[in-house]
Amino acid sequence: MSGRRGLSDDDLARLLGEMREGSAVPAPAASPAFVDRDRLLSFENLPRYKELSAQQAAADMLGLKNPYHRLHEGRSGATARIEGRDVVNFASYDYLGLNGDPRIIRAVAEAAETWGTSVSGSRLSSGERPAHLALERALAGLYGAEDAIAFVSGHATAIAVLPTLMGPKDLVVTDAFMHNSVVLGAQYAPATRRTFPHNDLDALEAMLERERHRFERVLVVSEGLFSMDGDGPELARLVALKERFGFWLMIDDAHGLGVLGATGRGIAEHAGVDPRAVDIWFGTLSKSLVSCGGYIAGPAAMVAYLKAFAPGMVYSVGLPVPVAEAARMALGLMLEEPERVQRLQANSRTFRDGAAALGLDVGPSWGAGIVPIMVGETIKTVILAQRLLERGINAFPVLPPGVPERSARLRFFLSAAHSPQQIDAALEALAEEASALGLTGDRPR
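Residues numbered from 1 in each chain as written. Predicted model: local features only at pLDDT ≥ 70, side-chain atom pairs only at ≥ 80, totals over all residues. Heavy atoms only, no water.

1. Some remarks on the pairing of strand β2 (residues 85-89)
Each regular strand carries side chains that alternate between the two faces of the sheet. As a reminder of what qualifies: Note: two strands are recorded as paired if DSSP finds a minimum of 2 bridges between them. Here a helix means four or more residues in a row that DSSP labels H or I, a strand means two or more in a row labelled E, and each is numbered from the N terminus.
In this structure, strand β1 (residues 79-82) lies alongside β2, joined through four bridges in antiparallel fashion. By the bridge assignment for β2, R81 is matched with D86. Count of turn residues in the β1/β2 antiparallel hairpin: two residues, of which E83 carries a positive phi of about 50°. Direction of pairing for β2 relative to strand β11 (residues 393-394): parallel, over a ladder of two bridges. Paired with N89 across the bridge in β11 is N394.

Structure (structure tokens):
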């Protein structure tokens, strides 16, 4: 087993290539036209399915379990029960420890009793519910915005909004590390698309100097807290660039809400920037707000426009009332109990600083909610995750193409509900298993 565990990424690539070549379905005895049709119509011959099968076969040969879609039994937060075992959980978005809070559960139960579990249609056709409006008022108030709009899916929010706002004469510019939802939203928009290197505002400025004059409207999109690296942009400078070049600034603060700032209001509070200086706030209800869905906050005219024309609003079912109530209650508790935010931030710094002291590479993480342990090699990342899980520590491996090649990492989500003992136990296990894999030592911080 030790020899197998020493496979390099190049060895793995060769192994996968051999498996892919050997996994082709033999051509049946039929005419060429029918052979091509039958092979094309076989789902097993989809190129990415064949690659998936080859990867699983390679993992089986190496004695590695599939880290994806593990069966959770019961509520997941700072702890979880996975396949019959209780573990300390670092793979949950429950930053503030509110998932399962009795006050939220009561509100959800009362909402379900009164309103049922579905609104049974789009809000355009089946009508609004008071919970929708109450949630949107609360979200708008969070940013000092004129209005807000809540969608049934966070991922679908960006996919609905960007193509609705941006036209053929416009430009969408995104950070190279933007979430998939924004990447797809930009691709679906009829506008021209550009990216700038991650958090490189000098490159963004140079791009705008070259190209701003060629377009009518320009939208620049960044994140408040990047989910893979745990860092964020220089928001004040983004606002200054917006004022200089005249563009709409959109911030995806899905992971920043509840995590950044003294009271969890996100990147604007963290950076000391008036949130009204950002034109479009985008976020999700599934992280600190322990619910499901997405939202946009900003000018009333924009919200009215999206309510009338965004396909994710016009053609999609509205948020179930219990889901809206869960998010609204969680937002209220976040603001009423800022000590949760403070515990989360303290836990995050403790974990990041402890991992760095062990000689582990924590990347550019700010130490707020998200701390990556940069490994590099895919195989070692999966092995490290599996060994930690065997010791009762659940941390998710993030592999290419979700991150750039040779930047595989374990991603640790910290929570206000993690105890000091749980963090110490995770660091101890991480130190021993990472050392066994040769991952500790003098590394750049």
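There's more to say after this.
2. A word on empty space enclosed by the protein
We apply this condition: Here a cavity denotes grid points, spaced 1 Å and computed from the protein atoms alone, that fit a 1.4 Å probe unable to get out, and a pocket denotes an open set having protein on both sides within 12 Å along at least 5 of 7 lines; residues with an atom within 4 Å of a point are the lining. Grid points are joined across faces, edges and corners, and a volume is the space filled by probe spheres set on the points. Note on residue classes: Ala, Val, Leu, Ile, Met, Phe, Trp, Tyr, Cys and Pro are nonpolar, Asp, Glu, Lys and Arg are charged, and everything else, Gly too, is polar.
Counted according to the given criterion, the structure contains one cavity of 30 Å³ or more. As a volume, the largest cavity reaches approximately 40 Å³. Considering the residues around the largest cavity, the lining is formed by S122, R123, A150, F151, V152, G312, M313, S316, V317, G318 and L319. Elements that contribute at least two residues to the lining of the largest cavity include exactly β3 (147-151) and α14 (311-314). When its residues are assigned to classes, the lining of the largest cavity shows six nonpolar, four polar and one charged.

3. Some details on the environment of A148
Basically, it comes down to this: Two residues qualify as a contact provided that any one of their heavy atoms is within 4.5 Å of a heavy atom in the partner residue.
For A148, the location among the structural elements is in strand β3. Residues A148 and Y295, spaced 147 residues apart in sequence, show a C-alpha to C-alpha distance of 6.9 Å. In contact with A148, not counting residues within four places along its chain, are E136, L139, A140, I296, A297 and V303.

4. Things to note about the pattern of salt bridges
Inclusion rule: Any carboxyl oxygen of Asp or Glu within 4 Å of a side-chain nitrogen of Lys or Arg constitutes a salt bridge here.
Taken as a whole and judged by the stated rule, the model has 26 salt bridges. The residue E211 makes a salt bridge to R194 at a minimum N-O spacing of 3.1 Å. With a gap of 17 residues between them, E211 in helix α10 (residues 201-211) and R194 in strand β5 (residues 192-196) connect regions that are remote in the sequence. What you see here is one network of salt bridges that share partners, running through D202, E205, E209, R237 and R244.

5. What to know about the nonpolar core
How we decide: Definition of nonpolar core: a set of buried residues of the types Ala, Val, Leu, Ile, Met, Phe, Trp, Tyr and Cys, connected through side-chain atoms within 4.5 Å. Buried means the residue's accessible area, taken with a 1.4 Å probe over protein chains only, is under 20% of the maximum for its type, while exposed means over 50%, and partly exposed covers the values in between.
Residues L204, L235, L249, F351, I373 and F412 are the most contacted members of the largest nonpolar core, which totals 96 residues. Per-element tally for this core: the top contributor is helix α15 (residues 321-336), with eight residues. Not counting the four nearest positions on each side in its chain, I373 is found in contact with F351, A355, L360, D361, V362, R409, L410, F412 and L430.

6. Here's the deal with the sheet that holds β1
Across the sheet, three strands lie side by side as β1-β2-β11; this open sheet has mixed pairing. The two strands at the open ends of the sheet, each matched to only one other strand, are β1 and β11.

7. What about a nonpolar patch on the surface?
Where we set the bar: Like charges are joined within 9 Å and nonpolar side chains (Val, Leu, Ile, Met, Phe, Trp, Tyr) within 5 Å, but only among residues with over 30% relative accessible area and no salt bridge; these make up the patches. What sets the accessible areas is the Shrake-Rupley method with a 1.4 Å probe; for residues, cover comes only from the shown protein chains.
Judged by side-chain polarity, F43, L46, Y49 and L52 come together as a nonpolar surface patch covering roughly 450 Å² of accessible area. The residue L52 is located in helix α4 (residues 47-62) in this model. Judged by its relative accessible area of 51%, L52 falls in the exposed class.

8. Describing unusual backbone geometry
Omega for the bond connecting P400 with P401 falls within 30 degrees of zero, at 10°, which places this linkage in the cis form. Mapped onto the elements, P401 comes out in the loop between β12 (396-398) and β13 (408-413). Even without being glycine, E83 reaches a positive phi, approximately 50°. Position of E83 among the secondary structure elements: in the loop between β1 and β2. The class of E83 is partly exposed, set by a relative accessible area of 47%.

9. Regarding α15
As a reminder, the rule being used: Take the number of residues in a helix, subtract one, and multiply by 1.5 Å to get its expected span.
Between its first and last C-alpha atoms α15 spans 22 Å; for 16 residues at 1.5 Å apiece the expected length is 22 Å, and the two agree. Among the residues of α15, V321, P322, A324, E325, A326, A327, A330, L331, L333 and M334 are the ones counted as buried. Elements in contact with the buried residues of α15: α5 (102-115), α7 (130-143) and α16 (339-357).

10. Notes on the sheet that holds β13
Definition in use: Only the stretch in contact is used when fitting a helix axis, every axis being a line fitted to C-alpha atoms; angles between N-to-C directions are given from 0 to 180 degrees.
A sheet is described by the order of its strands in space; here three strands give the open sequence β10-β13-β12, paired in antiparallel fashion. Because the sheet does not close on itself, it has two edges, and the strands there are β10 (370-376) and β12. On average, each strand axis in the sheet is tilted by 30° relative to the strand beside it, whichever way the strands run. Where β10 and β13 come together, six bridges link them in antiparallel fashion. If you follow P372 over to β13, its bridge partner there is R411. Contacts between α16 and the sheet are confined to β10 and β13, with β10 contributing the most and set at about 20° to the helix.

11. A look at the environment of T440
With respect to the secondary-structure elements, T440 resides in the segment after α18 (420-436). For the pair formed by T440 and E269, sequence separation is 171 residues and the distance between their alpha carbons is 35 Å. Beyond its immediate stretch of four places on either side in the chain, T440 contacts L358, G359, L360, A431, A434 and S435.

Fair warning: the whole summary comes from geometry, so function is off the table for now.
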